[in-house]
Amino acid sequence: GTIEDDRINTLVQYIKNIGILAGDELDIKLSNLKSDYVLTGKSLYDSTYKYSIENIHINGKQDTDTFSITLKSIEGDNETAVANDLASTKIKLNIADLIFMENDQKTRLIHTVFSFNISDLDMKILKELENIDIENEEETNRLIQALISNGVTMEIPAFEVKKLEYKGEEMDGFSLTS
């Protein structure tokens, strides 16, 4: 990466494998994460971020119940801009294969696309929220309410799944837009 004016301006990362093991209850593995971050403006939030992950695999167990989630070939883009202390963010996520297993029940989503946009997010309130004690529930709730009531707009421009597989049956997918 590069550093300008004592700030990271660009950053390229590559992580081959990473794992988290929490006893017998949870096992998370991630492989081949690549990311590219570029600071595009004056604030630390003005940025573009592109990433890809080859695989994420999560196994969980509670008593006799088991579950797993596998995500394959994930690609994402995030673009954020701040003007007049209001942030706008566009996020797009593509997942080639998403498999949920609960005990022996399999659900599979093939070629999933998810887009999410936020505009007019009050950065002053967000920064306050980042710096409070999370144990202070009253202050947390007050700031979240202020953040939501200050005109923030959220939309899901696209949520698409090309094919679904449920209980061994394959179906055509769906497309939702707002």
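(A) Region of the structure containing the confidence of the model for the protein. For the protein, per-residue confidence averages 93 on the pLDDT scale, and 100% of positions sit at 70 or higher. The least confident element of the protein, judged by mean pLDDT, is strand 1 (residues 2-4) at 85; the most confident is strand 6 (residues 86-102) at 96.

(B) Region of the structure containing the pattern of salt bridges. Within this structure, the stated rule accounts for nine salt bridges. Residue Arg-108 pairs with Asp-97 through a salt bridge whose shortest N-O separation is 2.7 Å. On the criterion of sequence distance, the pair formed by Arg-108 in strand 7 (residues 105-122) and Asp-97 in strand 6 is long-range, its members being 11 residues apart. On the basis of relative accessibility, which here comes to 22%, the residue Arg-108 falls in the partly exposed class. Among the residues examined, Asp-97 registers a relative accessible area of 9% and is labelled buried. Between Arg-142 and Glu-139 there is a salt bridge, and its shortest N-O distance comes to 2.7 Å. Placement of both Arg-142 and Glu-139 in helix 2 (residues 137-149) is noted, with a separation of three residues, approximately one turn of the helix.

(C) Representation of the sheet that holds strand 5 (residues 65-83) within the structure. In space, the nine strands of this open sheet follow the order 1-2-3-4-5-6-7-8-9, with antiparallel pairing throughout. In the strand order of this sheet, the two ends are held by strand 1 and strand 9 (169-176), each with one partner. Averaged over all pairs of adjacent strands, the angle between strand axes in this sheet comes to 15°, irrespective of strand direction. As paired strands, strand 3 (residues 26-39) and strand 4 (residues 47-62) are joined by 13 bridges and run antiparallel to one another. Across the sheet, residue Ile-28 finds its bridge partner in strand 4, namely Ile-58.

Calculation notes
Residues numbered from 1 in each chain as written. Predicted model: local features only at pLDDT ≥ 70, side-chain atom pairs only at ≥ 80, totals over all residues. Heavy atoms only, no water. pLDDT = per-residue confidence, 0-100. Helix = DSSP H or I, 4+ residues; strand = E, 2+ residues; numbered from the N terminus. Salt bridge = Lys/Arg side-chain N within 4 Å of Asp/Glu carboxyl O. Buried < 20%, exposed > 50% of the residue type's maximum accessible area, 1.4 Å probe, protein only. Pairing = 2+ DSSP bridges. Axes fitted to C-alpha atoms, helices over the stretch in contact; angles between N-to-C directions.

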